[in-house]
4 protein chains.
Amino acid sequence: MGGQADGQAREEQEEQEAGPEVRARVLESFGRQGLMAHLGARITRIAPGSVHILLPHRPELTQQNGYFHAGATSAAADSAGGYAALTLFPATSDVLTVEYKINLLAPALGDHLEAVGTVLRSGRTLTVCRLDVFAVRAADRKPVATGQQTLIRVEAPPR
Amino acid sequence: MGGQADGQAREEQEEQEAGPEVRARVLESFGRQGLMAHLGARITRIAPGSVHILLPHRPELTQQNGYFHAGATSAAADSAGGYAALTLFPATSDVLTVEYKINLLAPALGDHLEAVGTVLRSGRTLTVCRLDVFAVRAADRKPVATGQQTLIRVEAPPR
Amino acid sequence: MGGQADGQAREEQEEQEAGPEVRARVLESFGRQGLMAHLGARITRIAPGSVHILLPHRPELTQQNGYFHAGATSAAADSAGGYAALTLFPATSDVLTVEYKINLLAPALGDHLEAVGTVLRSGRTLTVCRLDVFAVRAADRKPVATGQQTLIRVEAPPR
Amino acid sequence: MGGQADGQAREEQEEQEAGPEVRARVLESFGRQGLMAHLGARITRIAPGSVHILLPHRPELTQQNGYFHAGATSAAADSAGGYAALTLFPATSDVLTVEYKINLLAPALGDHLEAVGTVLRSGRTLTVCRLDVFAVRAADRKPVATGQQTLIRVEAPPR
């Protein structure tokens, strides 16, 4: 019907690294994601509104033809977007995925995947991210998936 | 499960205008879209893999608060993506929308909307487009919606 | 990353008509949607968590092959979902579409379309709807589109 | 713009189990999905146009709050939809995911997840599935995610 009112669109993100408080917060939360460790994913970049996650190829991540399974591709993309959103939140907030949509553009074959989450719009309640996943082999970096994600800011549960 | 195999990803589109044959084909098809005329939409740019559609504000296009209705925003975006795909097809092909997803980023208020469809991947069977919609008022051009669309190439029906 | 916490899932909606207060509120808001009148749409059913919108065929609603344009199909579906959400809100609330995704299942040909919005989950902040669109000709009622929509509850602006 | 022409919509799926040839084909392909074994997923039902996948809770599948990670939820849902599509294909065909969209409806907490893929439309080229994921604890079975998926039929690669 309409379009939301509580934020501003962000097309371009600053390229510098995030500050130490934000980095620590993202890495601490990422460290609690059992799935990311189980898949062998690690964060390779934390900038304001943008996070990169690297996922090395392993037979444990494949679908029936040996490509990265869409579920592995999506898991890395979903976490990249979620942490991209988190970089712009106050320290007392946590983030949950509301929904996402992803197109698989090409067979995901390579030495590793690089998933990039980028905040397009950061609102008081909702954040919208673009998700891009690349398959990398030596000097070759090829887009294999692209998506769009909606996230909600919630109060961090007491720990 | 996997990711398709029949095409190549395209991140960047050439910026030149399309040739006369492609332009004629797009405009002829657009002219047959009763809905576009009914909404008052017109094509303002046809480049290889990218089409812009302009939709002037009218009370006939609004939702309950006077913003452009998401349906009007989406209709312009859907046609922009469809014709962006068509610019890369042979002359005997037509295009149908398989699906799309759109996020409404901000209230769509302005003198007109500008919907931009951009081909991300052009395959033998399927094309994936990014959809961006901006609300324009004087010098102000603000993103109000962003989406992702899958299209299928079909043989043009005999006319 | 996670999944939201502020609501409950609803698979089945009650089948009775909504009460007079809710009906009046939905019809008043629908009457302000310039686009719905411009397309010739009307509401044919208002039940708690479910709204039906009927869209008679007109050349003004078509794409290049004479089918209903995906934009017309989507506009009816988007409004059906939005008003389905509104039926479950308090009287002081309004609804905005956050995003939706729609698959076009078959050519939308018929005497009219029937768009059905059904609330799947009604939360404090966010509502998720299923969208179903049927093309109807005499006794034949055929699914032509299906979608999923996220909506946000906002305070109704002063009128 | 339009809606595809090469299939028929299926709202209701037959409830019987699939025949032995189809079951063998699905299980053989599932057995080659390294990710499914790595996550601990197994197929619990194969019917024509419908497949169920069970995913027991493990700390290796969680996000930062201990819920099932959206990536794990999605991986099970994506495979359930893919194999639901495969049950309706000839033996020489394989299936790839074109795209999917998923809404996380509630925190995914439970002893296991049950992901159900159901074919809504089976066309010559494209299949559309509904994806439903439930969190199960003892007698409690709660919807935690719902999605929509587009798949493409391809010739099975030689093995």
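- Going by an unreviewed UniProt entry, chain A carries the name Putative phenylacetic acid degradation protein and comes from Actinacidiphila reveromycinica.
- Regarding chain A, the relevant UniProt record gives this comment under Sequence similarities (unreviewed entry): "Belongs to the thioesterase PaaI family."

### Overview of the overall build of chain A
At step 1: Helix and strand counts for chain A stand at three helices and seven strands.
At step 2: Mapped from its N terminus to its C terminus, chain A presents α and β elements in the order β-α-α-β-β-α-β-β-β-β.
At step 3: Residues counted as buried form 67% of the 159 residues belonging to chain A.
At step 4: Long-range pairs, those at least 24 residues apart, make up 66% of the contacts in chain A between residues at least 6 apart in sequence.
At step 5: Here chain A displays about 5200 Å² of accessible surface, and carbon together with sulfur accounts for 54% of that area.

### A closer look at the UniProt feature "domain: Thioesterase" (unreviewed entry) in chain A
At step 1: Annotation from UniProt places "domain: Thioesterase" (unreviewed entry) at residues 65–135 of chain A.
At step 2: Taken end to end, residues 65–135 of chain A comprises 24% helix and 48% strand; its first and last C-alpha atoms sit 16 Å apart.

### Comments concerning the packing of helix H3 (residues 70–86) of chain A against helix H3 (residues 70–86) of chain D
At step 1: Interaxial distance between H3(A) and H3(D) falls to 8 Å at its minimum, and their mutual angle equals 155°. As summarised for this structure, H3(A) and H3(D) are arranged roughly antiparallel, according to the angle between their axes. Along this stretch, H3(A) crosses H3(D), giving a crossing that reads as right-handed. Contacts from Ala70(A), Gly71(A), Ala75(A) and Asp78(A) of H3(A) reach H3(D) at Ala70(D), Gly71(D), Ala75(D) and Asp78(D).
At step 2: When its residues are assigned to classes, the contact of H3(A) with H3(D) shows four nonpolar, two polar and two charged.

### Comments concerning unusual backbone geometry
Residues and elements named next belong to chain C.
At step 1: Of note, the phi angle at Ala-138 is positive, near 50°, even though the residue is not glycine.
At step 2: Along the polypeptide, Ala-138 turns up in the loop between strand E6 (126–137) and strand E7 (140–155).
At step 3: On the basis of relative accessible area, Ala-138 is assigned to the exposed category, the value being 70%.

### Observations regarding helix H3 (residues 70–86) of chain B
At step 1: Taking 1.5 Å per residue, 17 residues should reach 24 Å; H3(B) reaches 24 Å between its end C-alpha atoms and fits that length.
At step 2: The element H3(B) is largely enclosed, with a buried count of 17 among its 17 residues.

### Notes on the packing of aromatic side chains
At step 1: Across all of its chains, the model carries six aromatic pairs over all chains by this definition.
At step 2: Here the aromatic rings of Tyr100(B) and Tyr100(C) are separated by 6.0 Å at their centres, their planes lie at 55°, and the arrangement is tilted. Linking Tyr100(B) in strand E4 (residues 93–104) with Tyr100(C) in strand E4 (residues 93–104), this pair reaches from one chain into another. The same class applies to Tyr100(B) and to Tyr100(C), which are both buried.
At step 3: Relative to Tyr83(C), the ring of Phe30(C) lies with its centre 6.0 Å away and its plane at 65°, an arrangement referred to as edge-to-face. Of the two residues, Phe30(C) is situated in helix H1 (residues 20–31) and Tyr83(C) in helix H3 (residues 70–86); the sequence distance between them amounts to 53 residues. When sorted by exposure, Phe30(C) lands in the same class as Tyr83(C), which is buried.
At step 4: Across from the ring centre of Phe134(A), 3.8 Å away, lies the NZ or CZ of Arg141(A), which sits over that ring.

### A word on helix H1 (residues 20–31) of chain D
Residues and elements named next belong to chain D.
At step 1: With twelve residues, H1 extends 16 Å between its outermost C-alpha atoms, agreeing within 8% with the 16 Å of an ideal straight helix rising 1.5 Å per residue.
At step 2: Within H1, the full set of buried residues consists of Val-22, Arg-25, Val-26, Ser-29 and Phe-30. Down the axis of H1, the buried set is contained in an arc of 130°. They therefore lie on one face. Exposed residues on H1 whose side chains face more than 90 degrees from its buried face are Pro-20 and Gly-31.

### Looking at the relation of the copies chain D and chain A
Two copies of the chain are present, and they differ by a rotation about an axis and a shift along that axis.
At step 1: At an RMSD of 0.0 Å, chain D and chain A line up after a rotation of 180° and a shift of 0.0 Å along the axis. Here the transformation between the copies is reduced to the relation of a two-fold axis. If distances are taken from each C-alpha of chain D to the rotation axis, the shortest is found for Lys101(D), at 2.0 Å.
At step 2: Comparing interface residues between copies, 100% of those in chain D also sit at the interface in chain A, which points to an isologous, same-surface contact.

### Digging into the side chain of Ser93(B)
Residue and element names in this part refer to chain B.
At step 1: Position of Ser-93 relative to the elements: it lies in strand E4.
At step 2: Ser-93 sits in the buried class, given a relative accessible area of 4%.
At step 3: Setting aside its immediate chain neighbours within four residues, Ser-93 contacts Arg-25, Leu-86, Arg-153, Val-154, Glu-155 and Ala-156.

### Considering the confidence of the model for chain A
Residues and elements named next belong to chain A.
At step 1: Predicted confidence across chain A gives a mean pLDDT of 91, with 89% of residues reaching 70 or more.
At step 2: The low-confidence segment residues 5–14 (pLDDT under 50) makes 30 contacts with residues lying over four places distant or belonging to another chain.
At step 3: For this predicted complex, the interface confidence comes out at an ipTM of 0.89, alongside a pTM of 0.92.

### Some remarks on the interface of chain D and chain A
At step 1: Taken together, the contact pairs 38 residues of chain D with 38 residues of chain A.
At step 2: Taken over both partners, the interface formed by chain D and chain A buries close to 2900 Å², and the fraction arising from carbon and sulfur atoms is 51%.
At step 3: Lys101(A) is the partner of Glu99(D) in a salt bridge, and the nearest nitrogen-oxygen pair spans 2.7 Å.
At step 4: Taken together, the elements giving at least two residues each to the side of chain D that touches chain A come down to helix H2 (34–39), H3 and strand E4 (93–104) of chain D.
At step 5: In terms of residue count, the dominant contributor to the side of chain D that touches chain A is E4(D) (eleven residues).
At step 6: In terms of residue class, the side of chain D that touches chain A is built from 17 nonpolar, 14 polar and seven charged.

What counts and what doesn't
Residues numbered from 1 in each chain as written. Chains lettered and ligands numbered in written order. Predicted model: local features only at pLDDT ≥ 70, side-chain atom pairs only at ≥ 80, totals over all residues. Heavy atoms only, no water. UniProt positions renumbered as here; feature names shortened; annotations may be inferred. Helix = DSSP H or I, 4+ residues; strand = E, 2+ residues; numbered from the N terminus. Buried < 20%, exposed > 50% of the residue type's maximum accessible area, 1.4 Å probe, protein only. Contact = heavy atoms within 4.5 Å. Areas by Shrake-Rupley, 256 points an atom, 1.4 Å probe, with all protein chains shown as cover. Axes fitted to C-alpha atoms, helices over the stretch in contact; angles between N-to-C directions. Parallel < 35°, antiparallel > 145°, perpendicular 65-115°, else oblique. Left-handed = near helix turned anticlockwise from the far one by under 90°. Nonpolar A, V, L, I, M, F, W, Y, C, P; charged D, E, K, R; others polar. Expected span 1.5 Å × (residues − 1). Phe/Tyr/Trp six-rings, centres within 6.5 Å; stacked < 30°, edge-to-face > 60°. Lys NZ or Arg CZ within 6 Å of the ring centre and 35° of its normal. Arc of directions from axis to C-beta. Least-squares fit on C-alpha atoms with pLDDT ≥ 70 in both. pLDDT = per-residue confidence, 0-100. Buried area = accessible area lost by both parts, 1.4 Å probe. Salt bridge = Lys/Arg side-chain N within 4 Å of Asp/Glu carboxyl O.

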